[in-house]
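Chain residues, written in single-letter form:
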Amino acid sequence: MKTVQLKKAKGLAAFLLLAAGSAAIYSCGSSTANAPASAPPAQALPVITVSDHEVTAHREFTASIQGSRDIEIRPQVDGYLDRISVDEGAYVRKGQVLFHIDARPYTEQLNTAKASLQSAKAALESASINVEKLTPLVANKVVSDVQLKTAKAAYDAAKANVAQAQAAVDAAKINLGYTSVTAPADGYIGIIPFKTGSLVGKNNVEALTVLSETKDIHVYFSMSELDFLDFKQEFEGNTIEQKIKHIPAVELVLADNSIYPQKGKVEVVEGQFDKTMGAINFRATFPNGNGLLRSGNTGRIRIPRQLAKSVLIPQEATFELQDKVLVYTVLDSNKVEGRPVTVADRSGRYYLISKGLKPGEKIVYSGLDRLRDGMAIAPQKMSMDSLLHANPI
């Protein structure tokens, strides 16, 4: 009996010990679960201090490039192309032979004209002899005066025939010369739609080719009505011609975004707006002594304008949302706040800000995609001067 009671007492003690252990484990687990989670460390992001600068901004306009003269090369006589002496894209000099038209028919025309001239000259000589023979006879009243007058009329007719025959020879020489088609100026040859053996003539719809004179190049660009109003307000002068003279030298941005090494000058503006496009055309002229530019190239015209103190920020420090440009400003608590800004202009890789930022304020330079309003960051100061040194305006 005592043995049974002892076993029950040991079992109860073991149960109480197990329960106490479980309670202790549960208590520790509950304490850990209820403890507040530690906050993640603030992101270290580069921050720049906004400042104002005197900068040269540029307005860009899409442009097309043409030679100062694009000359259609057309034949002056009809015939078969005997030889093509240039290739498409070749640079030629003024007077250089480009095409040869079969000259044999025109050589025969010249020979015929020369023979007619010799015949006319012989007839003139005969008429002259006849006048000389009759003159003393009329003076001595051997023959009547009518015969001398008839002889002189025949002489005048023969003289006119010689002049006519000489004109025919000259015309035949000109036509023979036209069988060699030469370059009217220095320039580059365009597409040649004809081949050797093609029949060509003055009535052909297509030209033999187009020669682009490119010593100077014309660059055409258009301004919208709003841009044109800005242009009229920006530059001095009472007339458009006077204002054009005050436009500084312009730059040409090529298709690969490189800058053409020489600057150009705006010279001409069209007289009226294009009703369909709502734009007005301008023309700038650039020197092209090295032949880098060709007719048909495209690019962008950059017109510089000097701006007074303007808030300048890198484009990388901005982001767009619903057609607005925004930056993340850094508040005193190192928390960030998205703020819309107004871009007045751009210069290189920088925006000129007219509203939304003041000199001395701080903005986040990069890592904007990881930020939200109210987030705290660990600002890493970054010098604006170092940015401008690495990427000049």
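All values reported here derive from a predicted model rather than from experimental measurement. (Residues numbered from 1 in each chain as written. Predicted model: local features only at pLDDT ≥ 70, side-chain atom pairs only at ≥ 80, totals over all residues. Heavy atoms only, no water.)

A. How the structure looks around the overall build of the protein. Helix and strand counts for the protein stand at 6 helices and 19 strands. In the protein, buried positions account for 33% of the 393 residues. Considering only residue pairs separated by 6 or more positions, the protein has 75% of its internal contacts joining residues 24 or more positions apart. Accessible surface, the protein as shown: approximately 23,900 Å² in total, 54% of it carbon and sulfur. (Helix = DSSP H or I, 4+ residues; strand = E, 2+ residues; numbered from the N terminus. Buried < 20%, exposed > 50% of the residue type's maximum accessible area, 1.4 Å probe, protein only. Contact = heavy atoms within 4.5 Å. Areas by Shrake-Rupley, 256 points an atom, 1.4 Å probe, with all protein chains shown as cover.)

B. Representation of the pattern of salt bridges. In this structure the tally under the stated criterion is 12 salt bridges. A salt bridge links Glu267 to Arg283; the nearest nitrogen and oxygen atoms lie 3.3 Å apart. On the criterion of sequence distance, the pair formed by Glu267 in strand E11 (residues 265-269) and Arg283 in strand E12 (residues 279-287) is long-range, its members being 16 residues apart. Residues Glu361 and Arg339 are paired through a salt bridge, measuring 2.9 Å at the closest nitrogen-oxygen approach. One end of the pair, Glu361, is in the loop between strand E17 (350-355) and strand E18 (362-364); the other, Arg339, is in strand E16 (residues 336-347), with 22 residues separating them in the sequence. Connected through shared salt-bridge partners, Glu60, Glu251, Arg300 and Arg302 make up one network. (Salt bridge = Lys/Arg side-chain N within 4 Å of Asp/Glu carboxyl O.)

C. Structural detail: the nonpolar core. Phe221, Leu252, Phe282, Phe286, Ile301 and Ile303 are the most contacted members of the largest nonpolar core, which has 25 residues in total. Residue assignment for this core shows that the elements contributing at least two residues are strand E2 (51-73), strand E9 (209-224), helix H4 (225-234), strand E10 (251-254), E11, E12 and strand E13 (298-314). Sequence-distant contacts of Ile303, defined by excluding residues within four places in its chain, comprise Ala57, His58, Arg59, Phe61, Phe221, Met223, Phe235, Ile247 and Val250. Core analysis: the next-biggest nonpolar cluster, separate from the first, contains 21 residues, Ile48, Val325, Tyr350 and Tyr365 among them. (Core = buried A, V, L, I, M, F, W, Y, C linked by side-chain atoms within 4.5 Å.)

D. Local environment of the packing of aromatic side chains. For the structure shown, the criterion picks out 9 aromatic pairs. Considering the side-chain rings of Phe221 and Phe282, the 5.4 Å spacing of their centres and the 15 degrees angle between planes classify their relative orientation as stacked. Taken together, the positions of Phe221 in strand E9 and Phe282 in strand E12 put the pair 61 residues apart, joining distant regions of the chain. For Phe221, a relative accessible area of 1% corresponds to the buried category. (Phe/Tyr/Trp six-rings, centres within 6.5 Å; stacked < 30°, edge-to-face > 60°.)

E. Here's a closer look at the pairing of strand E5 (residues 97-101). Across the 5 residues that make up E5, a large majority, 4, are buried. Here strand E3 (residues 79-84) pairs with E5 via 3 bridges, running antiparallel. Note that in E5 the partner of Leu81 across the bridge is Ile101. By the bridge criterion, 3 bridges tie E5 to strand E6 (residues 180-182) in an arrangement that is antiparallel. When the sheet's bridge partners are listed, His100 is paired in E6 with Ser180. (Pairing = 2+ DSSP bridges.)

F. Here's a closer look at unusual backbone geometry. A positive phi angle, close to 70 degrees, is found at Asn257, a residue other than glycine. Residue position: Asn257 is located in the loop between E10 and E11. Owing to a relative accessible area of 53%, Asn257 belongs among the exposed residues under this scheme. Positive phi, close to 50 degrees, is recorded for Gln322, a residue that is not glycine. On the secondary structure map, Gln322 appears in the loop between strand E14 (319-321) and strand E15 (324-330).

G. Structural context of the sheet that holds E3. Judged by pairing direction, the sheet is antiparallel, and its 4 strands sit side by side in the order E6-E5-E3-E8 without closing on themselves. In this open sheet, the two strands that pair with only one neighbour each are E6 and strand E8 (199-200).

H. Broad picture of the side chain of Thr179. For Thr179, the position within the fold is in the loop between helix H3 (145-178) and E6. Residue classification places Thr179 among the buried residues on the basis of a relative accessible area of 4%. Excluding its chain neighbours within four sequence positions, the residues that come into contact with Thr179 are Val77, Phe99, His100, Ile101, Asp102, Ala103 and Tyr106.

I. Just the packing of helix H2 (residues 104-139) against H3, in detail. Their axes nearest at 8 Å, the elements H2 and H3 cross at an angle of 160 degrees. It follows that H2 is roughly antiparallel to H3 by the angle criterion. The two elements H2 and H3 cross, and the hand of that crossing is left-handed. Of the residues assigned to the contact of H2 with H3, the class counts are 22 nonpolar, 10 polar and 6 charged. (Axes fitted to C-alpha atoms, helices over the stretch in contact; angles between N-to-C directions. Parallel < 35°, antiparallel > 145°, perpendicular 65-115°, else oblique. Left-handed = near helix turned anticlockwise from the far one by under 90°. Nonpolar A, V, L, I, M, F, W, Y, C, P; charged D, E, K, R; others polar.)

J. Layout of H2. Taking 1.5 Å as the rise per residue, H2 with 36 residues should run 52 Å; its terminal C-alpha atoms sit 53 Å apart, in good agreement. Check the buried side of H2 and you find it contacts H3. (Expected span 1.5 Å × (residues − 1).)

K. Representation of the environment of Arg69 in the model. On the secondary structure map, Arg69 appears in strand E2. For Arg69, a relative accessible area of 42% puts it in the partly exposed group. Separated by 146 residues in the primary sequence, Arg69 and Lys215 place their C-alpha atoms 9.6 Å from one another. Non-local contacts of Arg69, meaning those with residues more than four positions away in its chain, are made with Ala185, Leu211, Ser212 and Glu213. Polar side-chain contacts of Arg69 include one of 2.5 Å to the side chain of Glu213. (Polar contact = N/O pair within 3.5 Å; in protein donor to acceptor, adjacent residues only side chain to side chain.)

L. Structural detail: the environment of Ser198. Mapped onto the fold, Ser198 is located in the loop between strand E7 (187-189) and E8. Counting along the chain gives 116 residues from Ser198 to Asp82, while the straight-line C-alpha distance between them is 8.4 Å. If we skip the residues at most four places from it in the chain, Ser198 touches Gly79, Tyr80 and Leu81. Engagement of the side chain of Ser198 in a polar contact is seen with the backbone oxygen of Lys195, the distance being 2.8 Å.

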